[in-house]
Amino acid sequence: MKYSGWPEPGELVVGKIDEIEDFGVFVDLSEYEGKHGLIHVSEVASGWIKNIRDHVNEGQTVVCKVLDVDESAQQIDLSLKDVNDHQHSEKIQEWKNEQKADNWMELAFGEDVDDDKYAHVANAMLAEFGGLYGGFEQAAIHGPEALESTDLTDEEIERIVDTARENVSVPYVTVTGYVDLESPSESGVDDIKEALQAAEGNGDIPEEVELDVTYVGAPEYRIRVRAPNYKTAESQLEESAARAESAIESVGGTGSFHRERQTEDE
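Under an unreviewed UniProt entry, the name given to the protein chain is Translation initiation factor 2 subunit alpha, and the organism recorded is Halorussus aquaticus. Of the protein chain, the UniProt comment under Subunit (unreviewed entry) reads exactly: "Heterotrimer composed of an alpha, a beta and a gamma chain." The record held by UniProt for the protein chain lists under Function (unreviewed entry) the comment "eIF-2 functions in the early steps of protein synthesis by forming a ternary complex with GTP and initiator tRNA."

Undergrad: How should the nonpolar core be read in this particular structure?
TA: Generally speaking, soluble globular proteins have nonpolar side chains that are buried together. Counting 25 residues, the largest nonpolar core has Phe136 and Ile160 as the members making the most contacts within it. Elements supplying a minimum of two residues to this core: helix H1 (85-109), helix H2 (115-129), helix H3 (132-142) and helix H4 (154-167). Ignoring any residue separated from it by four or fewer positions in sequence, one finds isoleucine 160 in contact with Phe109, Val121, Met125, Phe136, Ala139, Leu147 and Leu152.

Undergrad: Would you explain the packing of H1 against H2 in this entry?
TA: Geometry of a packed helix pair, given as the angle between the helix axes and the separation of the axes. Relative to each other, H1 and H2 sit at 120°, their axes nearing to 12 Å. Put simply, H1 runs oblique to H2. By crossing handedness, the relation of H1 to H2 is classed as right-handed. Across from Asp102, Met105 and Phe109 in H1, the residues of H2 making contact are Lys117, Tyr118, Val121 and Ala122. Counted by class, the contact of H1 with H2 contains five nonpolar, no polar and two charged residues.

Undergrad: Sorry, what's going on with the sheet that holds strand S9 (residues 254-258) here?
TA: Spatial ordering of the open sheet is given by S7-S8-S6-S9, a layout of four strands whose pairing is antiparallel. Edge positions in the sheet fall to strand S7 (210-217) and S9, since each has one partner strand and no second. Between one strand axis and the next, the sheet turns through 25° on average, direction left out of account. Bridge analysis of strand S6 (residues 173-182) against S9 gives five bridges, and the strand direction is antiparallel. Its bridge partner lying in S9, leucine 181 is registered against glycine 255. Strands in contact with helix H6 (residues 230-249) are S6, S7, strand S8 (220-227) and S9; relative to S6, the strand with the most contacts, it is inclined by about 10°.

Undergrad: Is there a simple way to explain the pattern of salt bridges in this structure?
TA: Two side chains bearing opposite charge may form a pair once their charged atoms approach each other closely. Enumeration over the complete set of coordinates arrives at eight salt bridges. Notably, a salt bridge pairs glutamate 156 with lysine 117, separated by 2.9 Å at the nearest N-O pair. One end of the pair, glutamate 156, is in helix H4; the other, lysine 117, is in helix H2, with 39 residues separating them in the sequence. The exposure class assigned to glutamate 156 is buried, which follows from its relative accessible area of 4%. Here lysine 117 falls in the partly exposed class, since its relative accessible area comes to 30%. Through salt bridges with shared partners, one network takes in Glu31, Lys91 and Glu94.

Undergrad: I tried to follow H2 on my own but got confused; where do I start?
TA: In an α-helix, one turn spans 3.6 residues; hence positions three or four apart end up facing the same way. With 15 residues, H2 should reach 21 Å at 1.5 Å per residue; the first-to-last C-alpha distance of 20 Å fits that figure. Those residues of H2 not exposed but buried are Tyr118, Val121, Ala122, Ala124 and Met125. The buried residues of H2 occupy one face: seen down the axis, they fall within an arc of 155°. Set apart from the buried face of H2 by more than 90 degrees, the exposed residues are Asp115, Asp116 and Ala127. Of the surrounding secondary structure, the elements contacted by the buried residues of H2 are H1, H3 and H4. Measuring from the side-chain oxygen of the N-cap residue of H2 to the backbone nitrogen of aspartate 116 gives 3.1 Å; that N-cap residue is aspartate 114. Downstream of H2 by a residue or two, glycine 130 has a phi angle that is positive, lying close to 80°.

Undergrad: What is the right way to look at the UniProt feature "domain: S1 motif" (unreviewed entry) in the protein chain in this model?
TA: UniProt's entry tags residues 10-81 with the feature "domain: S1 motif" (unreviewed entry), counted in the numbering of this structure. Secondary structure over residues 10-81 splits into 0% helix and 50% strand, and the C-alpha atoms at its two ends are 13 Å apart.

Undergrad: Explain the packing of aromatic side chains to me, please; I cannot follow it from the model alone.
TA: Given two aromatic rings, one states the distance between the centres and the angle between the planes to describe the pair. The final tally for this structure, using the stated rule, is five aromatic pairs. Pairing tryptophan 104 with tyrosine 133 gives two aromatic rings, centres 5.6 Å apart and planes at 25°, and the pair type is stacked. Within this pair, whereas tryptophan 104 is found in helix H1, its partner tyrosine 133 is found in helix H3, the two being separated by 29 residues in sequence. With respect to class, tryptophan 104 is no different from tyrosine 133; both count as buried. An aromatic cluster of three or more residues is present, and its members are Trp104, Tyr133 and Phe136. The ring of tryptophan 6 has lysine 35 lying over it, and the distance from NZ or CZ to the ring centre is 4.8 Å. When the ring centre of tyrosine 172 is taken as reference, the NZ or CZ atom of arginine 226 above it lies at 4.3 Å.

Cut-offs used in this document
Residues numbered from 1 in each chain as written. Predicted model: local features only at pLDDT ≥ 70, side-chain atom pairs only at ≥ 80, totals over all residues. Heavy atoms only, no water. UniProt positions renumbered as here; feature names shortened; annotations may be inferred. Core = buried A, V, L, I, M, F, W, Y, C linked by side-chain atoms within 4.5 Å. Buried < 20%, exposed > 50% of the residue type's maximum accessible area, 1.4 Å probe, protein only. Helix = DSSP H or I, 4+ residues; strand = E, 2+ residues; numbered from the N terminus. Contact = heavy atoms within 4.5 Å. Axes fitted to C-alpha atoms, helices over the stretch in contact; angles between N-to-C directions. Parallel < 35°, antiparallel > 145°, perpendicular 65-115°, else oblique. Left-handed = near helix turned anticlockwise from the far one by under 90°. Nonpolar A, V, L, I, M, F, W, Y, C, P; charged D, E, K, R; others polar. Pairing = 2+ DSSP bridges. Salt bridge = Lys/Arg side-chain N within 4 Å of Asp/Glu carboxyl O. Expected span 1.5 Å × (residues − 1). Arc of directions from axis to C-beta. Polar contact = N/O pair within 3.5 Å; in protein donor to acceptor, adjacent residues only side chain to side chain. Phe/Tyr/Trp six-rings, centres within 6.5 Å; stacked < 30°, edge-to-face > 60°. Lys NZ or Arg CZ within 6 Å of the ring centre and 35° of its normal.

Okay, here's the thing in C-alpha cells:
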C-alpha cells in the first residue's frame, strides 16, 4: 500500500535510491505514490564528503527525515544523516510490517480487490489504528470488537478477523500466581476439584487468553495466564483466583491468593 498526498516535515520515510549525482541523491519514496525526494550532498553524512558513492549506492533502501516539502515545485528535501541507527531500525520494521499487512489485505479480500474497496478498508484501519498492521494485530488479539468503532461492514470485519487470526503473530506476556485451597469436609477432594474448575473458568475464558491451573504441593496450586498484555493477564489471574476462593469458601473451605510460591521446590 502507498499513501496518496505528501509526507510531513519531520516525518521519517523509507525510500530506494534510484539516482546518484555529485550534488545529491534522488530517492523514490516507497510509501508515497509517485513521490521522489532529494538528499543534498550535505545531508548524506556528517563531515566532508569526498565521494558521495562511498556513502550510498543505487538501489539501496534508506530511511530519511523529511526536511521540507514544496508541493508547488513538486520537491521533497530529505536528510540521511539526521536518522540514527535506532530510528532506522524501527522505521524499517514498521515498513516491513505494513508490507505484511498489505499482503493480508489480499488474503482477506482477494488479489483482484478493486481500488475503492481497498481504499475504504485501508482508510478505516488507518483512521483507527494508524496503519494496516496495527488494525490486523488488534483484530487478532481482540476479535471483531477491536473493529466495532470503524465504519467497516460486518462482512469486512469478519474477513479481517479471520485473516488476522490465521496470519498475525501477536506479542504475549505470561504472569503467574498461586492459590491455597483447603477443605475440611469429607468431600474435600471433590470440593477442591470444583474450585480448580472454577479457577479455570469453566470454559468461559476470552479467546485471546490461555489459562491453566496446576498442582504444586498441598495446599498450593499454580495459576498461569498468557495474554496479549499485562493488564489483561493480571486481570484474568486475579479473577481466576477469586473464582477459586469463592468456590471453596462456599462449601466451608478456605482459599488464599499470593504471588510468590510458598511450598518446597518440586
